[in-house]
Protein chains: 2
Amino acid sequence: MYNAIVGQSGGPTAAINATLAGVITAAVESPNIGTLFGAQNGIEGILDNRMLDLGKMFEKDDGSIDLLKLTPAAALGSCRIKLPAIDDKEKSDVYRRIFDRLKENNIGYFFYIGGNDSMDTVDKLSALAEDYGAGYMRFIGVPKTIDNDICETDHTPGYGSAAKYIAATMQSILYDCAVYTVKSVTIVEIMGRDSGWLTCSAAVPRLNGMAPDYVYLPEVPFSTDKFVSDIKKAHKIHPNVVVAVSEGIRFADGRYVGESNQNGATDVFGHKYLAGAGKTLEMIVKNEIGCKVRSFDLSLPQRCASFALSQTDIDESFGVGRFAVEAAIDGESGVFITYVRHESPYRVTYKPIKIDKVANRVKQVPSDFINAEGNNVTDACIDYIVPLISGQPKIEYLNGIPAHYKIK
Amino acid sequence: MYNAIVGQSGGPTAAINATLAGVITAAVESPNIGTLFGAQNGIEGILDNRMLDLGKMFEKDDGSIDLLKLTPAAALGSCRIKLPAIDDKEKSDVYRRIFDRLKENNIGYFFYIGGNDSMDTVDKLSALAEDYGAGYMRFIGVPKTIDNDICETDHTPGYGSAAKYIAATMQSILYDCAVYTVKSVTIVEIMGRDSGWLTCSAAVPRLNGMAPDYVYLPEVPFSTDKFVSDIKKAHKIHPNVVVAVSEGIRFADGRYVGESNQNGATDVFGHKYLAGAGKTLEMIVKNEIGCKVRSFDLSLPQRCASFALSQTDIDESFGVGRFAVEAAIDGESGVFITYVRHESPYRVTYKPIKIDKVANRVKQVPSDFINAEGNNVTDACIDYIVPLISGQPKIEYLNGIPAHYKIK
């Protein structure tokens, strides 16, 4: 009987530990798996032999797994390592070391929870296993990204909680901005360098009666003139204009809007001042409209806030972790696990897909989710998002803030 | 029997509508009050005759009051009007118009929920009532400010929810930042121009096992050299240094740190680039230490987020609204209502205080809440904050985000 190892990699999300909890639960239950190791800081921990016995750590039924499910970021720690090309003979030493470690620890199952680079890692290890005398090892990727931009899956673990945080925050901002009668523009910048999925979620409050006036996505080329005319139009309806904008919006020529604005601007230390999309729009309003204007971005909390979790996201993220273990035992390898969506009632099932099918591809917001003017999302887009952000887990509080799990 | 009027003024908070709900509940119940009017946009609505019959609006027991209690911002709208000096004869017309409106509507009780300027309004109207033949009118101020910087009260309505949001967000950020092994500094800027109360709350996660390395408050003069040595010291303990900093930190000579950094820096439109405290600290780290560094501020959501409310804050904010009505009926005028704190178990009682006792004074964080080095808060400070952020109200959700009350 082989042992298993699980690692986490890439940027933290609010749901990646739910997936870890799913892997732990299934691996501990399974009669086919010996010890479940946790690699600290992903591949780094395998190379440095920093591995924990997760089975032992969670053997007691003391609520730790439930706490872990609702703990943000990556309990095992993360890394950002891109492995060399599999045919790069000069750099093959890293593969030799990884496979040595895996064999020393009698690993037969390798689970890697992460973003695109992590899927790339799974793909490469799976392709090389035979060469290193480890053809029996099974490598499974479990995607996580708040960006929701992975192809072949309806959505990604972590997106629902980030989208819920953004939708709820935007609703609060809309209420805040509505209190004054002074003409103003408030610009909220949201993560998503290559796709507008997170920014789309800012439109959800529309269903509850308050909505940002415009939603600008990277999928639509940005026009300064159109933006200025949009704002003027909205000011005819009400004084408090609110705009959601993706950090990744670009002009028709491909330049990022957020980078357009740095020529000459330097701070006292001589650093170039990189404004960002929101700040650039703020300056456009200042110059072209001249009313009160402010911009800010939702920054780190949108990916890691642990008090606006989606129950759906947590359940699915846990489920996909469990399924990954079952798939490995069933003989899958070199795959990642996708979500297949079913309607009425909404639910997902899990399906393994060969990783090479999605590598280096980005799923953008489709055109039927974007309105004809290109400055907002359609109701179909909101209908797609709402089930993913629905439900609130029961969070345990300690000293007024959520209680979390921490590996000692 | 006289009618009553209530208005909201100043910056929005997550709890100011709970106070409005308290005023409505008590006024509707009271046999001493006729109609309860709501002034839209505070004094603006009185001058423009935009008044709602709140008693009628909330007469049905349909859950609207409960929804209002948990709705952020100011349901009646707000304004930022500072009334002229009471002896400024040239500008006395505004007082004439206000008192005319109040008399036309047979107002005997005036409730104003707001910050310092709103308390100033109550003070002035109360002082002038006799002159305008309205000596029978009673004027009561109900404070609200997330800044917690009003004297004579243990804390202010709205502070608890903002502090809870900041503490929970900081905890999530700490978990997020801990996942990598790369040396880094993360700087989180928090509101509070004149006092560090909100920034103090970022230290609460210490009780749960994760804490920002340093907390820099406006109460302590900022030293760049000390800051650099602080960061170097923390890097000897762990790679991921996290710092909470108030927007209001200043150098010993009184200059704001956030404004120190604009000489020469302009954008393409020629605007001066005002960096803010966090960005300035980021640049210091870049120059003096050279590791990975990022800074961001918590911006609007810290004052208006409706999904991290403190039950204690909501209950007290509601209670202080109720008490204001009772105090007016008891004959109080020219006062605002303060919180008196009791321990074991923690609770507050309410006490009217003459407004002129607090005008133009700011309550800063006391020295026993700040450590000897001036770069963090003491346990006594955290003990002060925890009861204020405790308890989570049961929030009703609609389409994955909180349901709110909105005046049609």
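Please read these numbers as outputs of a predicted model, since none were measured by experiment.

Residue and element names in this part refer to chain A. For the pair helix α5 (residues 93-104) and helix α6 (residues 116-128), interaxial distance at closest approach is 12 Å and the crossing angle is 80°. Overall, the two elements α5 and α6 adopt an arrangement that is roughly perpendicular. Of α6, the residues touching α5 (which contributes Y95, I98 and F99) are K124, L125 and L128. Split by residue class, the contact of α5 with α6 holds five nonpolar, no polar and one charged.

Each regular strand carries side chains that alternate between the two faces of the sheet. Residues and elements named next belong to chain B. Strand β5 (residues 138-143) sits mainly inside the fold: five of its six residues count as buried. Note that strand β4 (residues 107-114) and β5 share six bridges and pair parallel. Across the sheet, residue F110 finds its bridge partner in β5, namely F139. Tracing the backbone out of β4, into helix α6 (residues 116-128) and back to the parallel element β5 gives a crossover that is right-handed. In this structure, β5 lies alongside strand β10 (residues 335-342), joined through two bridges in parallel fashion. Paired with I140 across the two strands is V335, which belongs to β10.

Let us look at the pairing of strand β2 (residues 36-39) of chain B. Residues and elements named next belong to chain B. Where burial is concerned, the two faces of β2 agree: the one with L36 and G38 and the one with F37 and A39 are both buried. Pairing between strand β1 (residues 3-8) and β2: four bridges, direction parallel. Bridge assignment links I5 to a residue of β2, and that residue is F37. Considered for its hand, the β-α-β crossover made up of β1, helix α1 (residues 16-29) and β2 is right-handed. Where β2 and strand β3 (residues 51-53) come together, three bridges link them in antiparallel fashion. When the bridges of β3 are listed, G38 appears paired with L52.

On to the relation of the copies chain B and chain A, then. Once turned by 180° and shifted 0.0 Å along the axis, chain B lies on chain A with an RMSD of 0.0 Å. Interpreted geometrically, this transformation is the action of a two-fold axis. Take the interface residues of chain B: 100% of them recur as interface residues in chain A, which is what a same-surface contact looks like.

Time to look at the interface of chain B and chain A. Each partner contributes to the interface: chain B provides 71 residues, whereas chain A provides 72 residues. Carbon and sulfur atoms supply 63% of the area buried between chain B and chain A, which totals about 5700 Å² over both sides. Run the count over chain B and chain A and you get two salt bridges. Note that D176(A) and R303(B) form a salt bridge whose closest N and O atoms lie 2.8 Å from each other. Applying the counting rule to chain B against chain A returns 29 residue pairs in polar contact (both at pLDDT 80 or more). Contributions of two or more residues to the side of chain B that touches chain A are made by α7 (159-177), α10 (277-288), β9 (292-297), α11 (301-304), β12 (397-398) and β13 (401-402) of chain B.

Counting across every chain of the model gives 35 aromatic pairs over all chains. Consider the rings of F110(B) and Y112(B), whose centres lie 5.6 Å apart with planes at 50°: the pair is tilted. Y112(B) shares its class with F110(B); the two are buried. One aromatic cluster is present, built from ring pairs that chain together F99(A), F110(A), Y112(A), Y132(A) and F139(A). Across from the ring centre of Y256(B), 4.2 Å away, lies the NZ or CZ of R250(B), which sits over that ring. Against the face of W197(B) rests K363(B), its NZ or CZ located 5.2 Å from the ring centre.

As a further point, take the sheet that holds strand β11 (residues 347-354) of chain A. All names here are of chain A. Read across the open sheet, the seven strands follow the order β3-β2-β1-β4-β5-β10-β11; overall the sheet is mixed. Looking along the sheet, the strands with just one partner apiece sit at the ends: β3 (51-53) and β11. On average, adjacent strands in this sheet sit at an angle of 30° to one another, irrespective of strand direction. Pairing analysis gives six bridges linking strand β1 (residues 3-8) to strand β4 (residues 107-114), with the strands arranged parallel. Looking at β4, one finds that A4 is bridged to Y109.

Turning to the nonpolar core, a few remarks are in order. By size, the foremost hydrophobic cluster in this structure holds 98 residues, and its most contacted members are I385(A) and I385(B). Once residues lying within four places of it in the same chain are set aside, the contact partners of I385(B) are Y159(B), A163(B), C200(B), S201(B) and V204(B). Listed in part, the 34 residues of the second largest apolar core include V23(B), V142(B), I337(B) and Y405(B).

The terminal C-alpha atoms of helix α7 (residues 159-177) of chain A lie 26 Å apart, and with 19 residues this matches the ideal 27 Å at 1.5 Å per residue to within 8%. Counting buried positions along α7(A) gives 19 out of 19 residues, so the element sits mostly inside the fold.

Another aspect to go through is the confidence of the model for chain A. All names here are of chain A. When the pLDDT values of chain A are averaged, the result is 93; 96% of them are 70 or greater. Considering only residues more than four positions removed or in separate chains, one finds that residues 262-273, a stretch of pLDDT under 50, has 30 contacts. Scored as a complex, the prediction yields pTM 0.96 and ipTM 0.95.

With that out of the way, let us pick up the sheet that holds strand β7 (residues 214-216) of chain B. All names here are of chain B. The strand order β7-β8-β6-β9 describes an open sheet built from four strands, whose pairing is parallel. Each edge of the sheet is formed by a strand with only one pairing partner; in this case those strands are β7 and β9. The average angle at which neighbouring strand axes cross in this sheet is 15°, direction not considered. Bridge analysis of strand β6 (residues 184-190) against β9 gives six bridges, and the strand direction is parallel. Opposite I187, over in β9, you have S295 as the bridge partner.

Before going further, it helps to spend a moment on the environment of T35(B). Residues and elements named next belong to chain B. With respect to the helices, strands and loops of the structure, T35 is situated in the loop between α1 and β2. Look at T35 and you get partly exposed, because its relative accessible area is 26%. The spatial distance from the C-alpha of T35 to the C-alpha of D53 is 6.9 Å, given a sequence separation of 18 residues. In this view, T35 contacts N3, A4 and D53; residues no more than four positions away in its chain are not counted.

As a further point, take the pattern of salt bridges. Think of it this way: side chains of opposite charge can pair up when their charged atoms draw near. Residue and element names in this part refer to chain A. On inspection of all chains with the given rule, the structure shows 39 salt bridges over all chains. Of the charged contacts, one joins D230 and K226 as a salt bridge, the two residues approaching to 2.5 Å between their closest N and O atoms. Placement of both D230 and K226 in helix α9 (residues 224-237) is noted, with a separation of four residues, approximately one turn of the helix. D230 gets classed as buried once you look at its relative accessible area, which sits at 1%. One network of salt bridges, in which partners are shared, links K82, D117, D120 and K124.

Definitions and limits used
- Residues numbered from 1 in each chain as written.
- Chains lettered and ligands numbered in written order.
- Predicted model: local features only at pLDDT ≥ 70, side-chain atom pairs only at ≥ 80, totals over all residues.
- Heavy atoms only, no water.
- Axes fitted to C-alpha atoms, helices over the stretch in contact; angles between N-to-C directions.
- Helix = DSSP H or I, 4+ residues; strand = E, 2+ residues; numbered from the N terminus.
- Parallel < 35°, antiparallel > 145°, perpendicular 65-115°, else oblique.
- Contact = heavy atoms within 4.5 Å.
- Nonpolar A, V, L, I, M, F, W, Y, C, P; charged D, E, K, R; others polar.
- Buried < 20%, exposed > 50% of the residue type's maximum accessible area, 1.4 Å probe, protein only.
- Pairing = 2+ DSSP bridges.
- Right-handed = clockwise from strand over helix to strand, strands pointing away.
- Least-squares fit on C-alpha atoms with pLDDT ≥ 70 in both.
- Buried area = accessible area lost by both parts, 1.4 Å probe.
- Salt bridge = Lys/Arg side-chain N within 4 Å of Asp/Glu carboxyl O.
- Polar contact = N/O pair within 3.5 Å; in protein donor to acceptor, adjacent residues only side chain to side chain.
- Phe/Tyr/Trp six-rings, centres within 6.5 Å; stacked < 30°, edge-to-face > 60°.
- Lys NZ or Arg CZ within 6 Å of the ring centre and 35° of its normal.
- Core = buried A, V, L, I, M, F, W, Y, C linked by side-chain atoms within 4.5 Å.
- Expected span 1.5 Å × (residues − 1).
- pLDDT = per-residue confidence, 0-100.

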